[in-house]
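What follows is the residue order along each chain.
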Amino acid sequence: MPRQRALNQLACMSQNLEGSMLSNKKTTNKRKKRGWVDDMLNAENTPSDLIHQWSPNHKQLCLNPREKENDMVPFVLSRRSRRRKKSSTGLSWDHLPDELILRILFCLPLSHLLRTSLVCKRWRRLAFDESLWHSVDLEGVTNMAAALELLLSRGTRRLRCPRTVIQELTFVNMSPVQVVQMDLSHCNVSSESLEVILSRCSTLTHLSLESLELSDRILHHLSQNPELIELNVGGCAGFSPEPLGKMLQSFSKLEQLNISWCEFGSDHVKAVVANLPSSLTDLNLSGYREQLAQEDLELLVERCPNIITLDISDSVLLRTTCIPTLEQLMHLKHLSLSRCYQIYASSLGDIGEKITSLRLLDAFGLVHDGRIFSKLYEVKRVAVNTRAISMVARPTPVQTDVHSMWDRRCRLRLHY
């Protein structure tokens, strides 16, 4: 019996051995022994006792071929763990701690980091760790909605995405975001989607929304960022004077403000001048040809005596009589009066003597006489007409290939 049981087990383990001597021999012997029994059992008047006597015993299914049939000890079926291939050096990625893998992933560019997230669940968790997504540059990306929601939920603190296309946003996570510096200049985004983004921001220190369509509600959300230092809303539209004044009142630490060439009326300009914080040092208020008047400039100088950079270009209502008002700014280093056609160029020749701190004077369209250039430069060391474009509160230098944001590069950048 033991030998027959072993042969039966071997036959079960080798099902593909058809036509072998073992299989043929066993089949022949069974047919010889049971041939006459089958004839008897097939008879019509065969007693039931005889049928049970010659019927084969029902065998229980042996799930484990190595288990003895008479052994009634319970057993548990389990999946054998996959054996890990041993490295030739004795080390494996699975043995490295998370801190070391994070340090390695920190050195990868954005495209490679996204590929590593597809390796396994552990690497995906590490690839999207908050420490790796601290600073991201996605300039010019289309279909930005899903990526933007992922970045803001991953704790990104510096986000640069000018000239991107942002579709309608529906954030699932309603918690506040941690972004501190954000550049959304010249983006293709609706005011509703922009409101969804800014409604979750409360820790902003640097923000650029140049040439975007804003709203009164967006200005209300911006006022929830009291730590704001630099704000660029040049070329924006869609908001009224009263929310604009309330927003500026909430920025007690604001140092640089670019609010040039907006769709303003005289009420907007007066709301700006009347609510500028005293901490302001750099101001771009250019582009208001018939809105910025002499009394507005006097109020501006009174509220912001520590201004270092002032751009009031294209203000055709300003006359030569405004020069004594500007001379009260004792810390002024850069003054722009380009295309202020009612200011005579001859009145600018002695401006360096009154404002001893002045180093740059932009008067495009006014100064054509070389003698004024030489007098200002040789006597007072004042450079004339050196900067055609103002850089106040702008995150990136204009007309350059530098992909930085407020003098710092983003760590992760999408290359094309």
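Residues numbered from 1 in each chain as written. Predicted model: local features only at pLDDT ≥ 70, side-chain atom pairs only at ≥ 80, totals over all residues. Heavy atoms only, no water.

Caption draft 1: Structural detail: the environment of A345. Of note, A345 is situated in the loop between β9 (334–336) and α14 (351–354). Distance in space between the C-alpha atoms of A345 and G365 is 9.6 Å, their sequence separation being 20 residues. (Helix = DSSP H or I, 4+ residues; strand = E, 2+ residues; numbered from the N terminus.)

Caption draft 2: View of the nonpolar core. Counting residues in each nonpolar core, the largest one holds 93 residues, and the members touching the most others are M182, L214 and L310. Per-element accounting of this core gives the leading share, four residues, to helix α7 (residues 145–153). Non-local contacts of L310, meaning those with residues more than four positions away in its chain, are made with L283, L300, L326, L329, L332, H334, L335 and S336. (Core = buried A, V, L, I, M, F, W, Y, C linked by side-chain atoms within 4.5 Å. Buried < 20%, exposed > 50% of the residue type's maximum accessible area, 1.4 Å probe, protein only. Contact = heavy atoms within 4.5 Å.)

Caption draft 3: Spotlight on a nonpolar patch on the surface. On the surface, W93, L100 and I104 cluster together to form a nonpolar patch covering roughly 270 Å² of accessible area. Here L100 lies in helix α4 (residues 98–105). With relative accessibility at 40%, the residue L100 sits in the partly exposed group. (Patch = residues over 30% accessible without salt bridge, like charges linked within 9 Å, V, L, I, M, F, W, Y side chains within 5 Å. Areas by Shrake-Rupley, 256 points an atom, 1.4 Å probe, with all protein chains shown as cover. Salt bridge = Lys/Arg side-chain N within 4 Å of Asp/Glu carboxyl O.)

Caption draft 4: Layout of the sheet that holds strand β5 (residues 230–232). The strand order across the open sheet formed by 12 strands is β11-β10-β9-β8-β7-β6-β5-β4-β3-β2-β1-β14, and the pairing between neighbours is parallel. Either end of the sheet is taken by a strand with one partner, and the two such strands are β11 (383–384) and β14 (412–413). In the sheet, strand β4 (residues 206–208) pairs with β5 via three bridges, with the strands oriented parallel. Residue pairing for β5: L207 is matched across the bridge by L231. (Pairing = 2+ DSSP bridges.)

Caption draft 5: Summary view of the pattern of salt bridges. Applying the stated criterion to the full structure yields 14 salt bridges. In this structure, the salt-bridge partner of D314 is R289, at a minimum N-O distance of 4.0 Å. In this pair, D314 sits in the loop between β8 (309–311) and α13 (323–326) while R289 sits in the loop between β7 (282–284) and α12 (294–303), placing the two residues 25 residues apart along the sequence. Judged by its relative accessible area of 40%, R289 is partly exposed. The salt bridge partner of D314 is R339, with a shortest N-O separation of 2.7 Å. A residue pair is termed long-range when its members are at least 10 positions apart, and D314 in the loop between β8 and α13 and R339 in the loop between β9 and α14 qualify at 25 residues. Residue R339 is classed as partly exposed on the basis of its relative accessible area, which comes to 31%. Several salt bridges converge on common partners, so that one network encompasses D137, E139, R160, R163 and R413.

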